[in-house]
Amino acid sequence: MNYYSLHHKSPKTTFKNAVVEGLAKDRGIYFPETITPLSKDFIDNIENYTNQEIAFEVIKQFVGDEIPTEKLKEIIEETVSFDFPVVKITDNIASLELFHGPTMAFKDVGAKFMAKCLEYFNQGNDKEVTVLVATSGDTGGAVANGFLGAKGVNVVILYPSGKVSDIQEKQLTTLGQNITALEVDGVFDDCQEMVKTAFLDEEITKTLTSANSINVARWLPQMFYFFFTYKELKKLNKELVFSVPSGNFGNICAGIMAQKLGLPVKHFVASTNVNDTVPNYLKDGKYTPKPSKATISNAMDVGNPSNFIRIQELFNNDFEALKNHFSSYSFSDDETREKMKAIYKESGYVADPHGAVGYLGLEKFGLNENEFGVFLETAHPVKFLDVVEGTLPVKVEIPAQIQKVINNKKVAIKASSYEDLKAFLME
Ligand SMILES: *Cc1c(COP(=O)(O)O)cnc(C)c1O
């Protein structure tokens, strides 16, 4: 499978190169050259397939012959090794719980898949690859965990000091081995900017790649759980509406890709916090990125979502077509807290702030009686312990995978400017 850059100034490249490079030379993000729908027979009989078989069917055209079938199946086995429960909250709304993996956020799926692909592609190469990643919270932990021990791969994680939760910080600063954390004096956008600068810096001779959702190997496997959900809910005979709490818009973009592959989905709602660049765009057609604002759903504090350009490409840059299949709404922290309380009161369900934003999006969209809404519960409530326990009358039990890191010692290198990152990379 070939990929092209959405800036259209670099040559097409293979899956392998797209994974190893992350971004194209012209700084554009990669997009698959062809998208072939899966057979109707497969979709109609999806309940007869295991999650592993579904994932293989979904991803194989995007990998092509660049990873042998048996190896790809092995990678998938490790990627979807946990549950993806769809939990009914009301008559017409369910939570798709994506937090049953090792770091308890949906990013475990993409991070593991990418780590295994990169390790495969770099085997037998004596030059190490350095993965540079900026995180607003969850990416760091998922990438650290997914890449831990990957041979020939070093990982450098940049995170904004004081702006990720304690548990998130522990998840990305305590693993050691091939994982290094840089604690940046700034906000997420500063971290992302430093990463971008490093990619452009010709004095850095290390092979750099990105593990943000711009990387096709992190982005594409996120299609899997949209298919798993359809498999679960098909028997309801309703039209599905997905609401995806969105920051960089990689997750929702994967959902739209799944739809392109033939997955029956009625509508997508991108639910955001007050970082409302996309909701504003849908109002007036003007895309105006702005600096991110800190919120209680911090994994979505993104002012210039890097995957939105892929969504536009999926709709052939047709604004009207986009608006017919895709809505986006923004919610404040107060609305989010109120919704967490309301959900808890009505059903006893504990939603984390991101999930609550997703729920709000479904309500604002307004489901009709033929529709069934699914919001993605993108992280376990324990990852936002202060907010959840400060809002709801609950004590969140600390799951085993969190307990494991919570008492470990944080190790991070302070960085206040690009020069600090550069010095580290030149060592
Ligand atoms: C990363 C993340 C998001 C945003 O996902 P995108 O793919 O960047 O839109 C939402 N919720 C949680 C908990 C996350 O970690």
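Higher on the page you've got the structure.
Please read all numbers here as calculations on a predicted model, not as lab measurements. (Residues numbered from 1 in each chain as written. Predicted model: local features only at pLDDT ≥ 70, side-chain atom pairs only at ≥ 80, totals over all residues. Heavy atoms only, no water.)

### Remarks on the packing of aromatic side chains
Next up, step 1: The final tally for this structure, using the stated rule, is 21 aromatic pairs.
Next up, step 2: Ring plane angle 65 degrees and centroid distance 5.7 Å describe the contact between Y120 and F121, whose orientation is recorded as edge-to-face.
Next up, step 3: The buried category is assigned to F121, whose relative accessible area is 8%.
Next up, step 4: A ring pair is formed by Y281 and F319, whose centres lie 5.2 Å apart and whose planes are at 75 degrees; its orientation type is edge-to-face. With a gap of 38 residues between them, Y281 in helix α12 (residues 277-284) and F319 in helix α14 (residues 319-325) connect regions that are remote in the sequence.
Next up, step 5: Given the relative accessible area of 9%, Y281 is considered buried.
Next up, step 6: Among the aromatic residues, those joined into a ring-pair cluster are F82, F84, Y225, F226, F228, F242 and F268.
Next up, step 7: A cation sits over an aromatic face here: K73 above F56, 4.9 Å from the ring centre.
Next up, step 8: We note R310 situated over the ring of W219; from NZ or CZ to the ring centre the distance is 4.0 Å. (Phe/Tyr/Trp six-rings, centres within 6.5 Å; stacked < 30°, edge-to-face > 60°. Buried < 20%, exposed > 50% of the residue type's maximum accessible area, 1.4 Å probe, protein only. Helix = DSSP H or I, 4+ residues; strand = E, 2+ residues; numbered from the N terminus. Lys NZ or Arg CZ within 6 Å of the ring centre and 35° of its normal.)

### Some points on helix α6 (residues 138-147)
Next up, step 1: Taking burial as the measure, the ten residues of α6 include nine buried ones, the bulk of the element.
Next up, step 2: Those residues of α6 that fall on the buried side of the exposure criterion are D138, T139, G140, G141, A142, V143, A144, G146 and F147.
Next up, step 3: At its buried positions, α6 is contacted by α5 (107-122), β6 (129-134), β7 (153-160), α7 (166-173), β8 (179-184) and α9 (216-219). (Contact = heavy atoms within 4.5 Å.)

### Considering empty space enclosed by the protein
Next up, step 1: Scanning all chains against the criterion turns up two cavities of 30 Å³ or more.
Next up, step 2: Together, 25 residues line the largest cavity, and F106, K107, G247, N248 and A299 are the ones closest to its centre.
Next up, step 3: Residue assignment for the lining of the largest cavity shows that the elements contributing at least two residues are α6 and α11 (250-260).
Next up, step 4: Sorting elements by how many residues they give to the lining of the largest cavity places α11 first, with three residues.
Next up, step 5: Split into classes, the residues belonging to the lining of the largest cavity amount to nine nonpolar, 13 polar and three charged.
Next up, step 6: Its volume calculated, the second largest cavity comes out at about 40 Å³.
Next up, step 7: If you go around the second largest cavity, the residues you meet are S246, G247, F249, T272, N275, T277, V278, P279, M300, V302 and P305.
Next up, step 8: Looking at the lining of the second largest cavity, the element that brings in the most residues is α12, giving three residues.
Next up, step 9: Partitioning the lining of the second largest cavity into residue classes produces six nonpolar, five polar and no charged. (1 Å grid on protein atoms, 1.4 Å probe; cavity = no way out; pocket = protein on both sides within 12 Å on 5 of 7 lines; lining within 4 Å. Points joined across faces, edges and corners; volume = space filled by probe spheres on them. Nonpolar A, V, L, I, M, F, W, Y, C, P; charged D, E, K, R; others polar.)

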